[in-house]
Amino acid sequence: MHPKRKRTQQNAAAGGIALLVLLAGLLLLFGTPRPGMLDTGQYDLILPQLGLSRGDVYTQAEYYTRPNELFAIDSMPWSGLLQVTSAPALVYPASLVSAVCGLFGQSFSTVCLAVLLLLLLSAAIFVLTKSLYALFGGLGMFFGGIYSAGILCGNYLLYLNSLYPTAMFLVALTAFAAAVFRGWALLRQPETHGVSVWLPAALCSLLLLTASEFSIVLLLPVVISVAVLGFRTAKRSPRFACRTACVVLAVLALTFCSVRFTAQNAQEFNKTNLYHSFFDGVLLAADDPEQVLTDFDMDTGLTADIGKSAYLSEDAYYISPNGDRANEIFDHLSYTHIVTYYASHPAALLRLTGQILPQAGHVDTARCVAVDDASPLTRADYWDLLRRF
């Protein structure tokens, strides 16, 4: 087949899938009733990192009872954008939205952020599908279609209209995959492309590794992918030593940014994760929660906090995990204690596993409500339909 005609087919196939994702995403995000995300308290940690604040758009009573879509723009977070200080990857698209909204004298809007992230996601899917098509032919287009269908269900896209890291992680993961497969597609061509093969993958990996605290688990495969692309490119260059040095520096920079981001967020992350592991895990699966609390030498009144998020206001708890009495919880908790408990209570572990497995592939939508009346809302959750079937 003529190369020009082949490229046309690749662009048409990839463009068709990307356009379907864009249109379906717009329908999911802006169909009636329009979905929004409730803040469970996590925004209080995220807003300062993005140069934003609550402002006076909503009353304090509305912070956690209705979707907050408008925020005051305090400053441009230059230190986070330049990675002088650790900041989540969301700072980049959010800062662009802040600049545009500020230019027109408007408040920051998560609706604008959702549109931007959806466009970025569609563009990444275009590159991913085109690269897969170049590598595997029609089978690659099939893989691209399957991946696109997967992210259009399970309520994943609903998080685009929020400040939660879930949306940015999805966009960054898709962009990284697209950049890696694009690099391998370029390596199959006879001409030398230089840093254009691996640099996009390195930049996308920076976004992926700082998208959320969980991203650290991807550090090794991400770094290996970038390194392999970089070294394969360097081997085809007459300046092998210089190109190799650039790849090594890029890998070291990625590792540093990822580890620093996790380390600076580790205390809050570990504390929150430990709290949920106990109150949403151990106590939720226990036959007698009060006895479990007694075994952990904790106040039995904490049964009132079972199932609650760690981000609520202090007056929502019997003992707040962020209040002055938080030591009454965390002085008696550790992952070692929790693992020991499950080892001595296998029935509780089996019960908890039975509760979790049916939710595989399902994204929590307890925070998703209709913008107009704050009624519970879901979109396109056909993973749930398959489980029921």
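No experiment lies behind these values; they were computed from the predicted model shown.

Rules used throughout
Residues numbered from 1 in each chain as written. Predicted model: local features only at pLDDT ≥ 70, side-chain atom pairs only at ≥ 80, totals over all residues. Heavy atoms only, no water. Helix = DSSP H or I, 4+ residues; strand = E, 2+ residues; numbered from the N terminus. Contact = heavy atoms within 4.5 Å. Areas by Shrake-Rupley, 256 points an atom, 1.4 Å probe, with all protein chains shown as cover. Expected span 1.5 Å × (residues − 1). Polar contact = N/O pair within 3.5 Å; in protein donor to acceptor, adjacent residues only side chain to side chain. Axes fitted to C-alpha atoms, helices over the stretch in contact; angles between N-to-C directions. Parallel < 35°, antiparallel > 145°, perpendicular 65-115°, else oblique. Left-handed = near helix turned anticlockwise from the far one by under 90°. Nonpolar A, V, L, I, M, F, W, Y, C, P; charged D, E, K, R; others polar. Patch = residues over 30% accessible without salt bridge, like charges linked within 9 Å, V, L, I, M, F, W, Y side chains within 5 Å. Salt bridge = Lys/Arg side-chain N within 4 Å of Asp/Glu carboxyl O. Buried < 20%, exposed > 50% of the residue type's maximum accessible area, 1.4 Å probe, protein only. Pairing = 2+ DSSP bridges. Core = buried A, V, L, I, M, F, W, Y, C linked by side-chain atoms within 4.5 Å.

Colleague: Explain the overall build of the protein chain to me, please; I cannot follow it from the model alone.
Modeller: When helices and strands are counted, the protein chain shows 15 helices and five strands. Here the contacts in the protein chain between residues at least 6 apart in sequence split such that 69% fall between residues at least 24 apart. Split by element, the accessible area of the protein chain, about 19000 Å² in all, is 65% carbon and sulfur.

Colleague: Just to check I follow, could you spell out helix H5 (residues 110–136) for this structure?
Modeller: Because each turn of an α-helix spans 3.6 residues, side chains separated by three or four positions in sequence point in the same direction. Between its first and last C-alpha atoms H5 spans 38 Å; for 27 residues at 1.5 Å apiece the expected length is 39 Å, and the two agree. For H5, the capping residue at the N-terminal end is Ser109, with a side-chain oxygen 3.1 Å from the backbone nitrogen of Val111. The first or second residue beyond H5 is Gly137, which carries a positive phi of 70°.

Colleague: What exactly am I supposed to notice about the packing of H5 against helix H6 (residues 138–151) here?
Modeller: Relative placement of two packed helices is described by the angle separating their axes and the distance separating the axes. Direction vectors running N to C along H5 and H6 enclose 155°, while the axes themselves pass 6 Å from each other. When the interaxial angle is binned, H5 and H6 end up roughly antiparallel. Every pair of crossing elements has a handedness; the one defined by H5 and H6 is right-handed. Contacts between H5 and H6 involve Leu121, Ile125, Leu128, Thr129, Leu132, Tyr133 and Phe136 from the former and Gly138, Leu139, Gly140, Met141, Phe143, Gly144, Tyr147, Ser148 and Ile151 from the latter.

Colleague: What is the right way to read the packing of helix H7 (residues 165–187) against helix H8 (residues 199–209) from this model?
Modeller: Where H7 meets H8, the closest approach of the two axes is 8 Å, and the angle between their N-to-C directions is 160°. Between H7 and H8, the crossing angle belongs to the class labelled roughly antiparallel. Here H7 runs over H8; the crossing is left-handed. Here H7 contributes Met168, Phe169, Ala172, Leu173, Ala175, Phe176, Ala179, Val180 and Arg182 to the contact with H8, which in turn contributes Pro200, Ala201, Cys204, Ser205, Leu207 and Leu208. A breakdown of the residues in the contact of H7 with H8 according to their chemical character gives 13 nonpolar, one polar and one charged.

Colleague: What is the right way to look at a nonpolar patch on the surface in this model?
Modeller: Where nonpolar side chains cluster on the molecular surface, the patch consists of Leu19, Leu23, Leu26, Phe30, Val115 and Leu119 and spans about 480 Å² of accessible area. Put simply, the parts of the chain that give the nonpolar patch at least two residues each are helix H1 (3–30) and H5. With four residues, H1 is the largest single contributor of residues to the nonpolar patch. The class for Leu23 is partly exposed, based on a relative accessible area of 48%.

Colleague: It is not clear to me how the pattern of salt bridges should be interpreted in this structure. Could you clarify?
Modeller: Opposite charge on two side chains permits pairing when their charged atoms draw close. A full pass over the atoms with the stated rule returns four salt bridges. With a closest N to O distance of 2.8 Å, Arg34 and Glu69 form a salt bridge. A residue pair is termed long-range when its members are at least 10 positions apart, and Arg34 in the loop between H1 and strand E1 (35–37) and Glu69 in the loop between strand E2 (52–53) and strand E3 (70–73) qualify at 35 residues. The class for Arg34 is partly exposed, based on a relative accessible area of 24%. Judged by relative accessible area, Glu69 falls into the buried class, the value being 11%. In this structure, Asp44 and Arg54 form a salt bridge, with 3.0 Å as the shortest nitrogen-oxygen distance.

Colleague: Explain the side chain of Ser131 to me, please; I cannot follow it from the model alone.
Modeller: Relative to the assigned elements, Ser131 resides in helix H5. Judged by its relative accessible area of 5%, Ser131 falls in the buried class. Excluding residues within four positions of it along the chain, Ser131 makes contact with Ala178, Phe181, Arg182 and Ala185.

Colleague: Explain the sheet that holds E2 here, please?
Modeller: Either a parallel or an antiparallel arrangement is found when strands of a sheet pair, and the pairing is made through backbone hydrogen bonds. Strands sit in the order E2-E3-E4 across an open sheet of three strands; the sheet is antiparallel. The sheet is open, and its two borders are formed by E2 and strand E4 (108–109), each paired with just one other strand. As defined by bridge partners, E2 adjoins E3 across two bridges and the pair is classed as antiparallel. The partner of Leu52 across the bridge, within E3, is Ile73.

Colleague: I keep staring at the nonpolar core and nothing clicks. Help me out?
Modeller: Side chains that are nonpolar tend, in soluble globular proteins, to be buried together. Counting residues in hydrophobic clusters, the biggest one holds 42 residues, and the most contacted among them are Leu50, Phe108, Leu160 and Leu163. Secondary structure elements with two or more residues in this core: H1, helix H2 (43–46), helix H4 (91–103), H5, H7 and strand E5 (368–370). When residues of this core are assigned to their parent elements, the largest contribution, seven residues, is made by H5. When sequence neighbours within four positions are dropped, the list of residues in contact with Leu50 reads Ser75, Pro77, Leu90, Val91, Ala94 and Leu163.

Colleague: In this structure, what is going on with unusual backbone geometry? I would like to understand it.
Modeller: With the exception of glycine, the majority of residues adopt a negative phi angle, and the majority of peptide bonds are in the trans configuration. Across the junction of Thr32 and Pro33, the peptide omega takes the value -5°, indicating a cis bond. Relative to the helices and strands, Pro33 resides in the loop between H1 and E1. In this model, Gln83 sits at a positive phi of 60°, which is unusual for a non-glycine residue. Inspection of the secondary structure assignment puts Gln83 in the loop between helix H3 (78–81) and H4. The class for Gln83 is buried, based on a relative accessible area of 14%.

The quantities given are spatial measurements derived from coordinates; they are silent on function.
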